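# Examination of the molecular architecture
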Amino acid sequence: MKKKQIALLMTGVLTVATLLAGCGGKEAEDPKEPDNSSTEQTEAPAETPAEAETPEEAPAETGSAFTPENTVTFNVSSKAGGNSDLITRTLTDICTKEGLVDVTFVVNNNTDGSGNIVRIETNESSDPDHTLLCFSSGDMQSLLDSDIGMTVKDFSPIATVAADKQLIFAKTGGKYDSFEKVLAAVEGGTKVNVGGTKSNEMTVFNMFAEEIEKTDMFNYMMYDSSNESITALLGDHIDLAMGSPAAAISYVESGDIVPIVALSDERFIAPLDGAPTMTELGYDVVQSPMWRGVLAPGSMSEEAQQFWNETFKKVTESEAWQEYLNKYLLSPYYNDLETSREIMLQSQEDYLAGK
């Protein structure tokens with residue numbers, strides 16, 4: 001199985017690193033609270049009297065025949081401050097400040113029904129060309145596990161814009177604080193206990209175990225979050241923990257845990273840069289990014305879909321977006337309209353096949 005490309009774009013659902021980030025999958029939000037919706041506007045810059053006397057300047061050219069004319073509703077299935085909320089507000093702020101969109105954005109947070117109420121509202125919008133939904137592979141799993149009878153195929157995938165990737169962590173000074181020690185243990189017949197979440201973390205760890213041809217030598221224990229896995233690692237309840245950069249970085253900086261393998265096609269930035277990739281260890285790439293992106297109603301016009309994809313491409317090329325990725329330890333992951341559709345639909349197919 002060495003030298004066999006493994007680079008699935010699997011689904012984690014929704015949530016994790018703190019995106020203004022993150023179109024988060026199952027984030028730390030409480031869908032049962034009595035009032036879980038809120039709206040906030042991001043206003044387009046007001047004209048000065050001098051500007052009002054000159055011909056109105058058109059938005060940046062996108063190659064699309066569509067130009068937004070009404071207020072844009074950007075729905076979010078997490079609370080204000082959650083990962084999905086953070087990424088949404090970053091997208092809308094850059095659109096406004098860079099002059100990419102001249103109309104007002106209204107960010108609508110609604111966690112009711114585990115986020116499925118706002119997903120239904122998105123698809124039933126009376127103004128589909130001006131309605132968007134923050135969506136991640138984690139959110140997709142929540143959608144597919146619900147009983148509302150909707151899938152990604154009911155929506156219009158617009159773009160992926162960022163991704164979370166994972167690492168394997170060990171306790172600092174522990175008996176498995178390097179890949180070589182882990183490999184020696186499993187080759188010697190010792191089973192190793194690993195903790196992680198059910199979604200992307202379990203998927204990519206299984207890919208790791210398959211790549212080193214030791215799938216029967218690990219016991220995978222499921223936790224609700226990366227933080228819970230790391231806590232179990234520190235308490236010596238497990239030998240290794242899966243985790244995203246954002247969840248683990250404070251423990252690495254404090255010296256409590258150490259990253260031993262980067263499940264990515266390249267090393268992470270400091271202080272996680274000590275972990276080698278699988279290719280550096282002599283294997284094929286092992287990664288399963290938890291993508292974060294944008295959906296629209298299924299009835300959005302093709303022209304509007306193209307406009308929004310090209311607009312978000314410009315957002316991801318901005319310096320402000322790079323600063324956001326660095327701050328929240330996310331990987332760049334913009335894809336064009338057709339590729340984004342393929343990624344989301346393939347993620348759905350893979351998740352349903354594994355249920």
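Below, the structure is looked at part by part.

What counts and what doesn't
- Residues numbered from 1 in each chain as written.
- Predicted model: local features only at pLDDT ≥ 70, side-chain atom pairs only at ≥ 80, totals over all residues.
- Heavy atoms only, no water.
- Helix = DSSP H or I, 4+ residues; strand = E, 2+ residues; numbered from the N terminus.
- Contact = heavy atoms within 4.5 Å.
- Areas by Shrake-Rupley, 256 points an atom, 1.4 Å probe, with all protein chains shown as cover.
- Phe/Tyr/Trp six-rings, centres within 6.5 Å; stacked < 30°, edge-to-face > 60°.
- Pairing = 2+ DSSP bridges.
- Axes fitted to C-alpha atoms, helices over the stretch in contact; angles between N-to-C directions.
- Parallel < 35°, antiparallel > 145°, perpendicular 65-115°, else oblique.
- Nonpolar A, V, L, I, M, F, W, Y, C, P; charged D, E, K, R; others polar.
- Left-handed = near helix turned anticlockwise from the far one by under 90°.

### Some points on the overall build of the protein chain
When you go through the protein chain residue by residue, the secondary structure sums to 11 helices and 12 strands. The long-range fraction of contacts in the protein chain, counting pairs at least 24 apart against all pairs at least 6 apart in sequence, stands at 80%. When the accessible area of the protein chain is evaluated, it comes to approximately 15,000 Å², of which 47% is carbon and sulfur surface.

### Here we look at the packing of aromatic side chains
The geometry of two aromatic rings is summed up by the distance between their centres and the angle between their planes. Applying the stated criterion across every chain, the model contains 14 aromatic pairs. Residues Phe205 and Tyr220 carry aromatic rings whose centres are separated by 6.0 Å and whose planes lie at 40° to one another, so their mutual orientation is tilted. Here the residue Phe205 occupies a position in helix H6 (residues 200-211), and Tyr220 occupies one in strand E8 (residues 218-222), the gap between them amounting to 15 residues. An aromatic cluster is present here, built from Phe66, Phe74, Phe105, Phe307, Trp308 and Phe312 joined pairwise through their rings.

### What about unusual backbone geometry?
Looking along the chain, the bond that leaves Ala270 and enters Pro271 is cis, with omega of 5°. Structurally, the position occupied by Pro271 is in the loop between strand E10 (257-263) and strand E11 (290-297). The phi torsion at Ser114 lies on the positive side, around 55°, for a residue other than glycine. The residue Ser114 is located in the loop between strand E3 (105-110) and helix H3 (116-123) in this model. Positive phi, close to 65°, is recorded for Asp236, a residue that is not glycine. Tracing the sequence through the fold places Asp236 in the loop between helix H7 (226-234) and strand E9 (240-243).

### Brief notes about the sheet that holds E10
Pairing is mixed in the open sheet, where 5 strands are placed in the order E8-E7-E9-E6-E10. Edge strands, defined here as strands with exactly one partner in the open sheet, are E8 and E10. Here the average twist between neighbouring strands, direction ignored, is 30°. Relative to E9, strand E6 (residues 166-171) runs antiparallel, the two being bridged by 4 bridges. If you follow Leu167 over to E9, its bridge partner there is Gly243. Seen against the sheet, H6 touches E6, strand E7 (192-196), E8, E9 and E10 and runs at an angle of roughly 175° to E8. In this fold helix H8 (residues 245-253) packs onto E6, E9 and E10, with an angle of close to 145° to the strand it touches most, E10.

### Regarding the packing of helix H2 (residues 83-97) against helix H9 (residues 302-316)
Between H2 and H9, whose axes approach to 10 Å, the crossing angle comes to 90°. As judged from the angle between their axes, H2 and H9 are roughly perpendicular. Counted together, Leu91, Ile94 and Cys95 of H2 and Thr311, Phe312 and Val315 of H9 form the full contact between these two elements. Tallied by class, residues from the contact of H2 with H9 come to 5 nonpolar, 1 polar and no charged.

### Some details on the packing of H7 against H8
Packing of H7 against H8 leaves a shortest axis separation of 9 Å and a crossing angle of 30°. By the angle between their directions, the pair H7 and H8 is classed as roughly parallel. Between H7 and H8 the crossing geometry is right-handed. For the pair formed by H7 and H8, the contact residues are Ser226, Asn227, Ile230 and Leu234 on the first element and Ala247, Ala248 and Tyr251 on the second. Looking at side-chain class alone, the contact of H7 with H8 contains 5 nonpolar, 2 polar and no charged residues.

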